[in-house]
Amino acid sequence: MLERTYTGDKPKTVLPKGTIDTQMHMYLEGFPALPGGPALPEGLPGPAEYRQTMAWLGIDRVVITQGNAHQFDNGNLVAALEAMGDAARGVAVITGETNDAEMQRLADANVTGARIMDLPGGAIGLSGLEAIDAKAQAFNWCIAIQFDGSHILDHMPRLEAIRSNWVLDHHGKFFAGVTPDSPQIDAVKRLIDRGNCWFKFAGCYESSRTGGPDYADIAAVARDLAAYAPERIVWGTNWPHNLAKSTAEYPDDAALLDTVMGWFPSEDARHKALVENPEALFGFPPARV
């Protein structure tokens, strides 16, 4: 049985007022897993458990991403956004066939982004990129894109043609391994330089080849990109860590937070990544200081 931890010793890092967790999933009763995706996580970690985690870590706002278990049915996401209120924005799954009435319904529920997950279990992959980009641009949404970044050079013409604001998810998921000098990271910098691409620090353990607790390979690239473009980095917890299948595998969120926060070159860069950058990308109002 998997036991998740929602509280404990406070992290050493004090997060700034208005901090936004831009990568997590939330599950409510009554929304079953659908064919094509993974099973629902054990225990259905939902709003109550996540609020405990927010209080523990010092998070004020959140972006809830449609979980792969629910595939194209955004019902759970909309219910979760309602439960979390004005502190939350959402990233939904849409297609080129999603009509404007449904887009508006989702926008009215505080959805401000669309998800592309070109990995096993994802509802829609890069095949839908251009159609989703057109829909997102029409509604001023961003796009969260996840794929094996090892192949980013093959996708560059299409990525460079994206018109919406978008974020490269989960540290780029360079499963084959990269260093700051790799051509794949040079490609990320070229995309960032276009002005509509962000890079997300979340789920470092999902693609690290060196492993914890320091995730040295991910850390090297993260430090390089945070120094290169602090105005284009966002951060997320990746709660509730769906790939963890046992209590022993479940990350210590406070320790993980401290590790990742150490990859930023300055307090100002960290503030940008936690507050200002996600406000701009996901359509939050400015934090009240």
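Above: the structure in question.
A separate point is the pairing of strand 1 (residues 20–24). Burial analysis of strand 1 places five of its five residues in the buried class, which makes it a mostly covered element. Note that strand 1 and strand 2 (residues 61–65) share three bridges and pair parallel. Among the inter-strand pairings, M24 is bridged to a residue of strand 2, identified as I64. Taking the sense of rotation as the criterion, the β-α-β connection linking strand 1, helix 1 (residues 47–57) and strand 2 turns out right-handed.

Considering the arrangement of structural elements, one finds A202 in the loop between strand 7 (197–201) and helix 7 (216–228). Residue class for A202 comes out buried when judged on its relative accessible area of 2%. Considering only alpha carbons, one finds A202 and V234, 32 residues apart in sequence, at a separation of 8.6 Å. Discounting residues that sit within four places of it in the chain, A202 has contacts with Q23, H170, H171 and G236.

This part takes up helix 5 (residues 152–160). Considered for burial, the residues of helix 5 that qualify are I152, M156 and L159. In an axial view of helix 5, the angular spread of the buried residues amounts to 90 degrees, which keeps them on one side of the axis. In helix 5, the exposed positions that point more than 90 degrees away from the buried face belong to D154 and P157. Tucked into the core, helix 5 has its buried residues touching helix 4 (129–138), strand 6 (166–168) and helix 6 (183–193).

Cut-offs applied
- Residues numbered from 1 in each chain as written.
- Predicted model: local features only at pLDDT ≥ 70, side-chain atom pairs only at ≥ 80, totals over all residues.
- Heavy atoms only, no water.
- Buried < 20%, exposed > 50% of the residue type's maximum accessible area, 1.4 Å probe, protein only.
- Helix = DSSP H or I, 4+ residues; strand = E, 2+ residues; numbered from the N terminus.
- Pairing = 2+ DSSP bridges.
- Right-handed = clockwise from strand over helix to strand, strands pointing away.
- Contact = heavy atoms within 4.5 Å.
- Arc of directions from axis to C-beta.

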